[in-house]
Amino acid sequence: MSAAQDRQFRPLPVPSVDVSGFWGDWQDAVCDHTAATLLDRCVEARMLEQIDIGVPSPGVVIPFIGWLGSAQMFWDSDLGKSIETIAYSLYRKPNPELEARADAIIDLYEKLQEPDGYLNSFFQRIKPEWKWTNLRDFHELYCAGHMIEGAVAYYQATGKRKFLDIMCRMADHLVARFGKGPGQVPGYCGHEEIELALVRLARVTGEQKYMDLAKFFIDERGQKPNFFIEEAIREGRNTKSAQHDTLGYNQSHLPVREQKKVVGHAVRAMYLYSGMADIATEYNDDSLTDALEILWDDLTGKQMYVTGGIGPAASNEGFTDYYDLPNDTAYAETCASVGLVFWANRMLGRGPDRRYADIMEQALYNGAIAGLSRDGKTFFYENPLESTGKHHRWTWHTCPCCPPNIARLVASIGSYMYGVAKDEVAVHLYGESTARLELGNGAKVTLSQQTQYPWDGAIGLTLGVDQPTQFALSLRIPAWAKGATLAVNGQSIDLGAITEKGYARVERLWSPGDVVALDLPLVPRALRANGKVRQDAGRVAVMRGPLVYCLEGTDNPVGLNSILLSDGLGRSETAVIADLNRAIAIDLPVLREVIASDELYTEQTPDIVADTARLVPYHLWDNRAPGDMLVWLRAQRG
Ligand SMILES: [Zn+2]
């Protein structure tokens, strides 16, 4: 085994981590409300009629818009993600009623599946004549991917194989259909997702053919001649329609290893890079890793909001130009930040590196979790960084991709917290939890975190081992954690001497009950944007630990753009917000501009008065009285 293979880190299965504290509260919201809500809304949308061969087809429920098609085309993906969410929720809270509802849907899919394994309710029940005619626009493989992910999760949660077997038959159908052999189709999907799903299926079944098909889809993407152009010509379609005149919309403009700029539809890009990172890990493929590192720097260095939101434009649900990050019109789809978490997590497969894990945390705690209300009942699709008070959470959407996406991420968060290799455990995320893990060398370890993180930066880790065991414990020291300290069994350790790529690597013979104390100082800090981000000129964003903070009108009924941050951050105080699940607010002295005139324009200069302002975590905005919101505060140099 090569050194590189020694450094293959894999996430823990969801049931191996019991989460409480901050994430436990969010998971309870998903278990108690979101999981059932997702199914209720799928039923209301008439999705079950589409998969139930015992009732008449509902026909076209959501009208088609040109070649863009209809959100009805990917109803199977909504059901797949909903079943995945339910599966994770069952780990935490057994719920026979919810499980029975999921079983009933799985039974319907079993009856719907064709003898050759094909399964897609839209192309079987609504538009059979369109089956396999348009990989570019029709989301056929995308739906299979989400159904596979749901099937893997449901099998792991319940031990029931039926859904997994159904999706293995579909995957076998795909293995036969796609490839370079005689009679096979050298294609791939316009909306990436099947790639990462097949990796998950291969890992749970041990079937190499699924892994190889995922690799095939990635290797083929963007090769010449371009499959989507050939397909359009063959089917008599305009070669440019429905993809915004560019192959970059679905990242098929170049072979993936030659791509250097993050372009196109944001969610598609994130799912592609996630699949590429998985294949890089599984095949030790440094040519993929090299491409991904360039793409990572391109995204996080020039195209990402401070919230970890990505894809500023609604027109292509995606990327525009470098440093184009408008705040009030930010699209920043919840799914895109969820996808960034997926990608970042998979970049850790080649070893701990905080340049990925810090961004994973930033996207998770801000751009992603903002998409779910505190009670788990309502959702954001777009996540602007400024609002005049008209942007609110909704109960459903004709394109309901975001709710189950954030729900499944929250419900499976335990698997994002750790990476496990042969003789090393990396802790990527902190949060009250207990993990049961097995190292690649067979040693069993229990790792408990005691912490109020992210409200408090003190983290205690207790190790459980059957007998003294040699391995490395790698702890992420976030780049923002200036003055972090570490102690093992009360003995302080020089972080500088053992920190590599932002992880403190403590390698020793661990004994039962060993205790690690990590302290990450949570000092509010003001960030400025690159001068090329014109929308943020003269403004600062306040962060505390991984959390981006914002002003809300309900706390600051004065006109948020009249508030000027001067030197008040150093004199700020924290306060517990009782009606936001005891979240930490930041109260700070500020200046405020007051103009006496109410004319539209005036020559008067404003008076500057002293005031105080309250900042709350961005992800919790619009959970109380509706109103305006602002992340980038005006700054007064002083
Ligand atoms: Zn979405």
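Note: the structure precedes this text.
Structural notes, computed from the coordinates.

Reading the values: the criteria
- Residues numbered from 1 in each chain as written.
- Predicted model: local features only at pLDDT ≥ 70, side-chain atom pairs only at ≥ 80, totals over all residues.
- Heavy atoms only, no water.
- Phe/Tyr/Trp six-rings, centres within 6.5 Å; stacked < 30°, edge-to-face > 60°.
- Helix = DSSP H or I, 4+ residues; strand = E, 2+ residues; numbered from the N terminus.
- Buried < 20%, exposed > 50% of the residue type's maximum accessible area, 1.4 Å probe, protein only.
- Lys NZ or Arg CZ within 6 Å of the ring centre and 35° of its normal.
- Pairing = 2+ DSSP bridges.
- Contact = heavy atoms within 4.5 Å.
- Axes fitted to C-alpha atoms, helices over the stretch in contact; angles between N-to-C directions.
- Donors = N, O, S within 2.8 Å, 3.2 Å for Na, K, Ca; no water.
- Tetrahedral: all angles 85-135°; square planar, octahedral: opposite > 155°, others 65-115°.
- Salt bridge = Lys/Arg side-chain N within 4 Å of Asp/Glu carboxyl O.
- 1 Å grid on protein atoms, 1.4 Å probe; cavity = no way out; pocket = protein on both sides within 12 Å on 5 of 7 lines; lining within 4 Å.
- Points joined across faces, edges and corners; volume = space filled by probe spheres on them.
- Nonpolar A, V, L, I, M, F, W, Y, C, P; charged D, E, K, R; others polar.
- Expected span 1.5 Å × (residues − 1).
- Polar contact = N/O pair within 3.5 Å; in protein donor to acceptor, adjacent residues only side chain to side chain.
- Parallel < 35°, antiparallel > 145°, perpendicular 65-115°, else oblique.
- Left-handed = near helix turned anticlockwise from the far one by under 90°.

Going through the model one piece at a time under the given rule, you end up with 29 aromatic pairs. On the numbers, 5.9 Å between centres and 35° between planes, the contact of Phe-471 with Trp-510 is tilted. Taken together, the residues span a long stretch of sequence, with Phe-471 in strand S8 (residues 469-476) and Trp-510 in strand S12 (residues 503-510) at a distance of 39 residues. What makes Phe-471 buried here is its relative accessible area of 1%. Through successive ring pairs, a cluster of aromatic residues spans Phe-22, Trp-23, Tyr-365, Tyr-430, Tyr-453 and Trp-455. Across from the ring centre of Phe-178, 6.0 Å away, lies the NZ or CZ of Arg-177, which sits over that ring.

Pairing is mixed in the open sheet, where 5 strands are placed in the order S3-S4-S8-S12-S11. Strands with a single pairing partner mark the edges of an open sheet, and in this sheet they are strand S3 (418-420) and strand S11 (499-500). Relative to S12, S8 is paired through 8 bridges, and the arrangement is antiparallel. Note on S12: the bridge partner recorded for Phe-471 is Arg-508. Here helix H15 (residues 354-368) sits on the sheet and contacts S8 and S12; the angle it forms with S8, its principal contact strand, is near 60°.

Take the coordination of the zinc ion next. The coordination sphere of the zinc ion contains the protein donors Glu-333 (OE), Cys-335 (SG), Cys-401 (SG) and Cys-402 (SG), at a distance range of 2.0 to 2.3 Å. Around the zinc ion sit 4 donor atoms; with metal-centred angles ranging over 94 to 121°, the donor geometry is tetrahedral. Counting gaps between the donor residues of the zinc ion yields the pattern E-x1-C-x65-C-C. Within this pair, whereas Glu-333 is found in the loop between helix H13 (286-302) and helix H14 (334-347), its partner Cys-402 is found in helix H16 (residues 402-411), the two being separated by 69 residues in sequence. When sorted by exposure, Glu-333 lands in the same class as Cys-402, which is buried.

So, about the pattern of salt bridges. Counted according to the given criterion, the structure contains 45 salt bridges. One salt bridge in this structure joins Glu-220 and Lys-180, with 3.4 Å as the shortest N-O distance. Highlighted residues: Glu-220 in helix H10 (residues 208-220) and Lys-180 in the loop between helix H8 (162-177) and helix H9 (194-205), separated in sequence by 40 residues. The exposure class assigned to Glu-220 is buried, which follows from its relative accessible area of 13%. For Lys-180, a relative accessible area of 64% puts it in the exposed group.

Once that is clear, we can look at the environment of Val-60. With respect to the helices, strands and loops of the structure, Val-60 is situated in the loop between helix H3 (47-51) and helix H4 (75-92). Considered as a pair, Val-60 and Arg-125 are 65 residues apart in the sequence and their alpha carbons are 9.9 Å apart. Excluding residues within four positions of it along the chain, Val-60 makes contact with Gln-72, Ile-126 and Lys-127.

Here the focus is the layout of surface pockets. Taken as a whole, the largest pocket holds about 820 Å³ of empty space. Of all the elements, H9 adds the most residues to the lining of the largest pocket, at 4 residues. In terms of residue class, the lining of the largest pocket is built from 19 nonpolar, 11 polar and 11 charged.

Taking 1.5 Å as the rise per residue, H9 with 12 residues should run 16 Å; its terminal C-alpha atoms sit 16 Å apart, in good agreement. Among all positions in H9, only Ile-194, Glu-195, Leu-196, Ala-197, Leu-198, Val-199, Arg-200, Leu-201 and Ala-202 are buried. Looking at the packing, one finds that the buried side of H9 touches H4, helix H7 (140-158), H8, H10, helix H12 (266-283) and H14. Backbone geometry just after H9 places Gly-206 at a positive phi near 75°.

Positionally, Asn-134 belongs in the loop between helix H6 (121-125) and H7. A residue is classified by how much of its surface remains accessible, and Asn-134, at 0% relative accessible area, is buried. Reaching out from Asn-134, the side chain makes a polar contact with the backbone nitrogen of Arg-136 at a distance of 3.1 Å.

The N-to-C vectors of H12 and H14 enclose an angle of 15°; their axes lie 8 Å apart at closest approach. When the interaxial angle is binned, H12 and H14 end up roughly parallel. For H12 against H14, the interelement crossing comes out left-handed. Residue-level contacts link Ala-266, Val-267, Met-270, Tyr-271, Tyr-273, Ser-274, Ala-277, Asp-278 and Thr-281 of H12 to Cys-335, Ala-336, Gly-339, Leu-340, Phe-342, Trp-343, Arg-346 and Met-347 of H14.

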